[in-house]
Each structure stands twice: as structure tokens, then as C-alpha cells.
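Residues per chain, in single letters:
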Amino acid sequence: MITLPGGCLLFDSQDGRVTKHGNCTSLLRIGRATGAKHVSQVVNSYTEGRSATVINPSSEEVLYVVDGEGCCHVNGFPYDLRPGMGVFVPPGAEYSIENRSATALVIVSACCPEDPNRSVRDEPLTAALGERPQLTVHSAQREKLPATAGREFCLMVDKDLGCQQVTQFVGWIPPSTAPFHFHTYEEVIFILAGSGILHVEDESSPFTPGSSIYLPIRVRHCLENPGPAPLRLLGVFYPSGSPAAAYNVDSRSA
């Protein structure tokens, strides 16, 4: 882990505190223990089988499938998983992850705010009753929207899925360097594809696929893609808003 000005953090693909429970191995990267105020980020790898049941009594959790296929069971309802899929887990919901293949199912989780009463138990979920709510979305279903410096993003888990406090998005960065800017929300990033350079105030550090970035509120930063290929990232921020909302140094008091 590298610490940059303003409390910004950069993790490489091997960083994180490892925990194991059943068929799930977790890399705990971003959270209160590493200096974040509210948001968390965990990279989970599931082997074949079904995981233990997870409950966040008071926090929203968003999941993103990086690799592999399987099923997410939320309150007993099944949701198919494949790469590029986002999942919304409402506060108080019970969920488990099932990997139906011999290859790893890799899911990046963000909980906002980090729930101190989160629990993991081995009892299976009860069967669901009633109509299944819409809790998943795939990036192919979402429109690409413009951001700064020729960049694009698509909203994943957002208010149209019932998520009130968190925004999850996928972003594409062409070879370029954006102007320095800051946000009015706390943000966590996972690099899905491509390499680049993170600039924070007067310091810089390179990143590669599988890296994670934590950006506190109002810290001036920019991501550079030196090329030649586009860079693709997963972002989550709290409280919810638009990934296109960025402020330059002249509007720092906004």
C-alpha cells in the first residue's frame, strides 16, 4: 500500500488483509482500518460451491463481477452472475454467492457506509416468496455517458435499482491526462483493465490491473492513461451522485 497526499491510498493487485471463510477468500483493502471514513472495498474470490450468508443490517452493499460465473442469492431469490454484472444488496438483506464452475468467481464488493454489525453465518438462506425484485444490471445494458477529457462512464447500481446512498459505475479512459480536480464524495476505484499513473497533489504513482485506489473528499487528483490502450475502471462513491461532477482548484470552496 502506498499513501499519497491528503490520505489517498493506492493498493497493488497483491495488497490487502487476507481472510477466508468457506469457499471465499477475501482481500480486505479499503475501510476504516486503512483510513477511509465511510466506504469499504473488498476483493473476493470464490471457489466452487456456495458461500456463507452475509448480512449488513444498516448499510447498502454493491457487488461487481470481474471474472467467472455463478449465482447471487439475495433473500432467497437467485440472480445469475457473469463478468460485467453489478448487484445491489439492500440494508438488512441476506445474501450468498454460489460458484458453479471450477474456475474462480471474482467479485469486488463495496459497502457504504462500512457496517460495524456486518455478520457472516453458515446457515443457508430460506426460500423466497413473492415477486423477485430487480437488483442486478449489466454494463452492456447501460448507456455510455460523457465525462471530462474525452472520458466515458456508465452508471451501474444506482437509484433506479433502489440504491439510495451509493453510486457504482464503470469508466473508460482513453490515452490522456485529465485536469486536476476533486469530488465532494468519498470514492473507491478498482482497475479492471489497463495501466496508468495516479497523480495526487505533487506526487505520482503507477498502477496496473487489479490495483485499488481510495480518494478522500476534496483531494486534488487525476488519473493519467499513457496509452496505447484504453483504461477501464470500476468506481463506487458515497454519498451518491454523478461521476461527471468534478471541481477544479478554482472552485475548491464550492
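From a predicted model like this one, the values you see are computed outputs, not experimental measurements. (Residues numbered from 1 in each chain as written. Predicted model: local features only at pLDDT ≥ 70, side-chain atom pairs only at ≥ 80, totals over all residues. Heavy atoms only, no water.)

## A few points about the sheet that holds strand 25 (residues 231–238)
The condition that has to hold: Strands are labelled as partners when DSSP assigns at least two bridges between them. Helix numbering and strand numbering both begin at the N terminus, where a helix is a DSSP run of H or I of at least 4 residues and a strand a DSSP run of E of at least 2.
Strands sit in the order 1-2-23-20-25-18-17-16 across an open sheet of eight strands; the sheet is antiparallel. In this open sheet, the two edge strands, each paired with only one partner strand, are strand 1 (2–4) and strand 16 (145–146). Where strand 2 (residues 8–11) and strand 23 (residues 212–215) come together, three bridges link them in antiparallel fashion. Bridge pairing in strand 23 links F11 to S212.

## Considering the packing of aromatic side chains
The criterion, for reference: Stacked, edge-to-face and tilted labels apply to pairs of Phe, Tyr and Trp rings (six-membered ring for Trp) whose centres lie within 6.5 Å, assigned for plane angles under 30 degrees, over 60, and everything in between, in that order. Think of it in three bands: residues with accessible area under 20% of the maximum for their type are buried, residues over 50% are exposed, and the middle band is partly exposed, with areas taken using a 1.4 Å probe on protein chains only.
Taken as a whole and assessed by the stated rule, the structure comprises three aromatic pairs. Ring centres 5.9 Å apart and planes at 50° place the aromatic pair F169 and F237 in the tilted group. Here F169, found in strand 18 (residues 167–173), pairs with F237, found in strand 25; they are 68 residues apart in sequence, far enough to count as distant. Given a relative accessible area of 0%, F237 falls into the buried group. On the numbers, 3.8 Å between centres and 15° between planes, the contact of Y185 with F237 is stacked. Here Y185, found in the loop between strand 19 (176–177) and strand 20 (186–193), pairs with F237, found in strand 25; they are 52 residues apart in sequence, far enough to count as distant. Members of the aromatic cluster, each reached through a chain of ring pairs, are F153, F169, Y185 and F237.

## Concerning unusual backbone geometry
In this chain, G227 is followed by P228 through a cis amide linkage whose omega measures 5°. In this fold, P228 is placed in the loop between strand 24 (221–225) and strand 25. In this structure, E201 takes a positive phi of about 50° despite not being glycine. Structurally, E201 can be placed in the loop between strand 21 (196–200) and strand 22 (203–207).

## Things to note about the sheet that holds strand 11 (residues 85–89)
Defined as follows: Throughout, an axis means a line fitted to C-alpha atoms (over the contacting stretch in the case of helices), and angles, computed between N-to-C directions, take values from 0 to 180 degrees.
Pairing is antiparallel in the open sheet, where seven strands are placed in the order 3-4-5-13-8-11-15. Each having just a single partner strand, strand 3 (17–21) and strand 15 (136–138) make up the two edges of the open sheet. Strand-to-strand twist across the sheet, computed as the mean angle between neighbouring axes with direction ignored, equals 25°. Relative to strand 4 (residues 24–30), strand 3 is paired through five bridges, and the arrangement is antiparallel. Of the residues in strand 4, the one forming a bridge with T19 is S26.

## Re the side chain of S205
Which entries qualify depends on this criterion: Throughout, a contact is declared for two residues whenever any of their heavy atoms are within 4.5 Å.
Inspection of the secondary structure assignment puts S205 in strand 22. You can call S205 buried: its relative accessible area is 7%. In this structure, S205 is in contact with I2, L4, L10, G196, I197 and L198, ignoring residues within four places of it in sequence.

## Digging into the pairing of strand 2
Alternating residues of strand 2 divide into C8 and L10 and L9 and F11, and every residue in both groups is buried. Bridge count between strand 1 and strand 2: three bridges; the pairing is antiparallel. Bridging from a neighbouring strand, I2 pairs with L10 of strand 2. Between strand 1 and strand 2, which pair antiparallel and follow one another directly, the connecting turn spans three residues, one of which, G6, has a positive phi of 75°.

## Brief notes about the pattern of salt bridges
Using the following cut-off: A side-chain nitrogen of Lys or Arg and a carboxyl oxygen of Asp or Glu constitute a salt bridge if their distance falls within 4 Å.
The final tally for this structure, using the stated rule, is seven salt bridges. In this structure, E94 engages R121 in a salt bridge whose closest nitrogen and oxygen atoms are separated by 2.3 Å. In this pair, E94 is assigned in strand 12 (residues 94–99) and R121 in strand 14 (residues 119–121), connecting sequence segments 27 residues apart. We note a salt bridge from R121 to E123, for which the minimum N-O separation is 3.8 Å. On the basis of relative accessible area, E123 is assigned to the partly exposed category, the value being 45%. Through salt bridges with shared partners, a single ionic network connects D80, E98 and R100.

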